[in-house]
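# Analysis of the macromolecular model
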Amino acid sequence: MTAQDALSPSQEDYLEAILLVQRDQTVARARDLVERLGVSSSSVTGALQALAAKDLINYAPYSFVTLTPEGERAAEYIAVRHETLKRFLAHVLGVGAEEADESACRLEHAIPADILDRLTRFVEFIESRPKGGPDWLAEFRHYCDGFGAPEEREPVDDATAGQPACLRDLSPGDQARVVRVTGRRSSTKRLVGMGLVPGAELRVERVAPLGDPIEISVRGNHLSFRREEAEEIAVELVARGQRRRWRGSRR
Amino acid sequence: MCVALAGNPNSGKTTIFNNLTGARHHVGNYPGVTVERREGVYQHKGLRVATVDLPGTYSLAAYSIDEVIARDFIVGQRPDVVVAVVDATNLERHLYLTVEILELGAAVVLALNMSDEAEAGGLRIDSERLSHLLGVSVVRTVGNRGKGTEELRAAVNETALRGAVPEPLRVDYGAAVEAAVSELEALAETVGDARLRFGVRWLALKRLEQDDEVTQWFEGGGVGPQAERVTAELEATLGDTPEAAIAQRRYEHIHRVCGQVLDGSHHAARTPSDRIDRIVSHRILGLPIFLALMYGVFQLVFTLGEVPMGWIESGVHSLGVMLSGLWPAGADSPLRSLVIDGIVSGVGGVIVFVPNIALLFLAIALLENSGYMARAAFIMDGFMHRLGLHGKSFIPLLTGFGCTVPAIMATRTLGNTRDRLITMLVAPLMSCGARLPIYALIIPAFFPEQWRGPMLWLIYVIGIALAVLCSKLLGTTLFRGSAAPFIMELPPYRVPTACSVALHVWERAGLYLRKAGTIILGASILVWACTSYPKPPAGDTADGEAAAAYSIAGRVGHAMEPVLRPIGFDWRVGTSLLGAFAAKEVFVAQMGIVFSLGDADGHTEALRARLRHVYTPLQGFCIMLFCLIGSPCMATLATTRRETDSWWWPLFQTGALTALAYLVTLVVYQAGMTLGVGVG
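Description of the structure in this document. It should be emphasised that the depicted structure is a prediction, and the values quoted were computed from it without experimental measurement.

Below, the discussion takes up the overall build of chain A. Of the regular secondary structure elements, chain A holds nine helices and eight strands. The burial tally for chain A puts 33% of its 251 residues in the buried class. Contacts in chain A between residues far apart in sequence, at least 24 positions, make up 59% of those at least 6 positions apart.

Laid out in structure tokens, this is it:
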């Protein structure tokens with residue numbers, strides 16, 4: 001693949017585009033590429049000449065463009081790479097389809113072949129595991145949903161992670177996971193029914209003026225309750241809240 | 001055919017109900033409780049469908065009266081279809097109730113509400129997959145825009161026609177729990193209750209969750225101890241309470257379902273809400289913002305309301321004049337007196353409140369529908385709780401400073417019966433606007449200029465202090481035990497739709513007019529009769545005082561004198577207080593009549609002079625105290641009766657407040673007399 005190694009990102013895009021156009025309509029013209037890639041005809045001419053010089057395409061000015069066998073191999077590889085990245089972003093990370101496509105376009109040029117290979121296998125692995133598979137992916141995505149955009153999450157503090165605590169004692173910014181429900185007061189049962197089951201992850205959003213009641217987010221919902229009502233819910237800390245400047249999170 | 005709507009509060013259930021039934025619905029109370037009952041009717045393909053909007057609940061666990069009613073309705077009344085309304089942007093939590101309903105074995109149609117918001121936020125829901133996984137029809141709705149209503153009716157029709165009682169949903173609760181469930185099912189079957197309304201599996205699960213009603217059922221069936229043993233063993237095995245384990249499994253089941261049905265994520269709704277909350281619910285800023293908003297609401301209701309109130313007042317007056325003209329001038333017809341002094345002024349006195357009430361409910365509807373009300377309760381609860389009240393009691397009590405009637409109506413926002421009743425009972429202690437004329441009469445009569453402001457302030461503060469004391473007292477005696485939890489969801493902020501707000505206001509104002517109006521009409525006539533009859537024999541000097549003394553009210557006043565003396569009152573005050581029962585402002589008018597000054601309006605100074613002549617400052621103060629605390633007006637009584645759907649509470653309210661007034665005034669008067677304060 002030495003010829004391919006020497007290709008610039010934009011040349012790779014051209015090859016990919018030619019392949020796609022060919023699939024749609026058998027032969028490609030220069031102006032199809034102008035449309036698809038959004039570049040000027042002079043750029044197209046220059047690129048096509050360079051590709052022809054590398055024996056990847058058959059081209060003569062003002063005529064059709066077709067891929068040589070070697071060109072076809074290269075283009076197919078590029079397309080597969082794009083698809084894999086797109087699958088990874090869309091199916092595994094749960095990013096929206098359009099965003100995935102755009103990001104894949106940018107990422108694909110930076111990925112060396114062996115890493116791509118691994119990534120492909122990873123995606124296949126994830127998608128096919130019987131115990132993982134779609135369920136596992138869904139869980140991962142829900143986990144992502146639980147706490148909003150990544151930059152809002154404080155880093156997991158090894159010193160505090162796993163520390164047992166009671167829900168009533170938490171402070172704004174603390175993140176915790178419900179461990180046990182130790183009693184059966186009606187307020188406890190109600191909290192459990194609203195999502196504070198063992199295993200649920202929550203974050204303390206804020207407190208009221210007198211420090212009581214507190215507001216937490218769990219499963220994307222915001223709940224508020226008095227501290228005394230949370231007595232019977234034992235949690236373990238995942239991260240402690242950092243002191244925030246009142247203008248907002250650290251940026 | 002009968003259809004019930006169930007769902008979380010904030011799921012948009014009521015909007016869907018309104019969409020289905022149009023204006024053809026009726027709001028009442030469930031018998032004997034303060035829970036609202038909404039039912040209506042719609043037509044679909046020639047079929048008449050009775051619809052009931054069940055109280056919004058988070059689960060069927062029956063910790064509060066709302067949940068008990070919802071559960072009993074679904075199982076007892078066996079509606080043909082239950083429409084479970086869920087918020088598509090919050091599917092996991094909302095499906096919890098749906099799953100419980102499915103476990104009950106009801107025929108369900110799922111209304112995926114707010115589906116537009118979900119899509120706008122980037123969430124895609126595979127409704128077909130969802131339908132398949134849950135075994136129910138799924139209809140996408142957008143309640144705010146009325147979309148999906150027709151499809152919902154069709155789905156309901158189809159589900160009802162299918163007829164067969166569906167197999168209740170089975171969630172796998174894990175080996176340990178399932179074993180316990182089987183044991184309990186066997187026990188339940190031995191009870192052999194012919195009235196078995198619930199399936200045995202459901203009964204077993206609820207027993208494990210320590211549900212009160214079901215536990216009693218097991219006990220009643222003679223298998224209480226065995227059931228207890230099974231539950232205790234399960235708890236020992238799990239290390240967790242069974243109800244937590246069961247809830248956990250339910251959520252896991254829902255989670256798996258959602259995983260296969262949801263695509264994309266939904267951050268959109270929360271982030272703007274979060275940004276607003278950072279300021280509005282801020283630990284330090286939140287309170288001032290809330291107070292400023294409340295001030296704004298107050299201004300809106302009582303200042304803006306002045307204008308239409310003025311129109312109505314003059315309208316009523318004109319009506320009186322016009323009707324008066326129907327009789328020959330100078331005629332002293334009792335009928336005319338009845339119509340004008342009794343009916344027109346009595347009913348007019350009620351109608352004049354309507355702008356106030358409409359504006360108040362407009363404000364409340366806006367605050368509630370936008371989601372701000374929950375934040376207000378969150379901010380205020382810390383303070384209120386220490387006073388023995390609930391965060392949500394703040395707004396009704398604040399409203400009471402204007403008028404007690406809308407304050408009592410505003411307690412509807414309190415979901416919990418106990419808090420609601422306590423708030424309703426103490427609301428009259430918030431010195432209302434109608435008492436101001438009394439204070440305005442008495443304070444300048446007895447107190448030098450620099451004392452007047454502080455005196456007024458003192459009266460208000462005494463009212464508030466007593467309200468706090470009474471609510472604490474009520475909390476520990478009559479309403480002991482079930483201290484209402486504060487647990488509350490904070491929904492994302494939404495823009496209230498003009499339609500739902502308008503409908504809400506229309507409903508409340510209409511209710512007020514209808515119910516309070518009928519009672520007040522009757523009472524007005526009664527009071528008028530008591531204060532006008534019997535008239536002194538013709539020929540006697542038309543002396544106001546003597547005429548007043550001759551009437552029933554006057555005689556009662558005289559008869560009460562022995563009781564009134566210890567608190568410093570005489571028969572004149574007693575008579576005026578009786579008149580004040582109709583409306584507090586009447587007190588001043590009656591005093592004028594009793595002191596032979598005719599219509600007291602233009603004669604305030606003269607009246608004050610007479611008062612100064614007859615009473616001491618101490619007595620003046622005691623009169624104000626009594627008016628503050630005791631004998632809530634007729635409108636209050638009527639409204640309490642309407643809101644509690646019983647006669648016991650309003651009677652208790654009146655009796656207790658009057659007794660309290662007597663007691664406090666007694667103590668103050670006697671102490672004052674003994675210490676020689678204010679008797680000069």
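And the narrative resumes.
Both faces of the sheet carry side chains from a regular strand, because those side chains alternate between them. All names here are of chain B. Of all seven residues making up strand 5 (residues 81-87), seven are buried, and the element is well covered by its neighbours. Residues Val81, Val83, Val85 and Asp87 line one face of strand 5 and the alternating positions Val82, Ala84 and Val86 line the opposite face, and both faces are buried. Here five bridges tie strand 1 (residues 2-7) to strand 5, and the two strands are oriented parallel to one another. Pairing of Ala6 across the sheet is with Ala84, part of strand 5. In the classification by handedness, the crossover that spans strand 5, the intervening helix 3 (residues 91-104) and the parallel strand 6 (residues 108-113) is right-handed.

Residue and element names in this part refer to chain A. Running from N to C, helix 2 (residues 9-25) and helix 4 (residues 41-53) point in directions that differ by 85°, and their axes come no closer than 10 Å. Taken together, helix 2 and helix 4 sit at an angle that is classed as roughly perpendicular. Where helix 2 approaches helix 4, its residues Ser10, Gln11, Tyr14 and Leu15 are matched on the opposing element by Ala47, Ala50 and Leu51.

The next thing to look at is the environment of Ala97(A). Take Ala97(A): it is sitting in helix 6 (residues 97-107). Through-space distance from the C-alpha of Ala97(A) to that of Arg87(A) is 9.1 Å; in sequence the pair is 10 residues apart.

In this section: the sheet that holds strand 8 (residues 233-239) of chain A. With antiparallel pairing, the seven strands of this open sheet are ordered in space as 3(A)-8(A)-4(A)-5(A)-6(A)-7(A)-10(B). The sheet is open, and its two edges are formed by strand 3 (164-166) of chain A together with strand 10 (488-489) of chain B, each paired on a single side. One ladder, built from five bridges, connects strand 6 (residues 214-218) of chain A with strand 7 (residues 221-225) of chain A; its direction is antiparallel. By the bridge assignment, Val218(A) is partnered in strand 7 of chain A with Asn221(A).

This part is about the interface of chain A and chain B. Taken together, the contact pairs 43 residues of chain A with 41 residues of chain B. Counting residues per element, the ones that place at least two in the side of chain A that touches chain B are helix 8 (133-146), strand 4 (175-181), helix 9 (186-193), strand 5 (201-207) and strand 7 of chain A. In terms of residue count, the dominant contributor to the side of chain A that touches chain B is helix 8 of chain A (eight residues). Residue composition of the side of chain A that touches chain B, grouped by class: 16 nonpolar, 13 polar and 14 charged. Relative to strand 10 of chain B, strand 7 of chain A runs antiparallel, the two being bridged by two bridges. Bridged to Ser224(A) within strand 10 of chain B is Met488(B).

Residues and elements named next belong to chain A. Orientation of helix 3 (residues 30-37) relative to helix 4, taken along the N-to-C sense of each, is 115°, at an axis distance of 9 Å. Compared by their axis directions, helix 3 and helix 4 come out roughly perpendicular. The two elements helix 3 and helix 4 meet at a crossing, and its hand is right-handed. For the pair helix 3 and helix 4, contact is made by Ala30, Leu33 and Val34 and by Ser41, Val44, Thr45 and Leu48, respectively. Partitioning the contact of helix 3 with helix 4 into residue classes produces five nonpolar, two polar and no charged.

Reading guide: rules and limits
Residues numbered from 1 in each chain as written. Chains lettered and ligands numbered in written order. Predicted model: local features only at pLDDT ≥ 70, side-chain atom pairs only at ≥ 80, totals over all residues. Helix = DSSP H or I, 4+ residues; strand = E, 2+ residues; numbered from the N terminus. Buried ≥ 20, exposed ≤ 12 C-beta atoms within 10 Å, placed from the backbone. Contact = placed C-beta atoms within 7 Å. Pairing = 2+ DSSP bridges. Right-handed = clockwise from strand over helix to strand, strands pointing away. Axes fitted to C-alpha atoms, helices over the stretch in contact; angles between N-to-C directions. Parallel < 35°, antiparallel > 145°, perpendicular 65-115°, else oblique. Nonpolar A, V, L, I, M, F, W, Y, C, P; charged D, E, K, R; others polar. Left-handed = near helix turned anticlockwise from the far one by under 90°.

In short, the description is geometric, and any link to function would need to be established separately.
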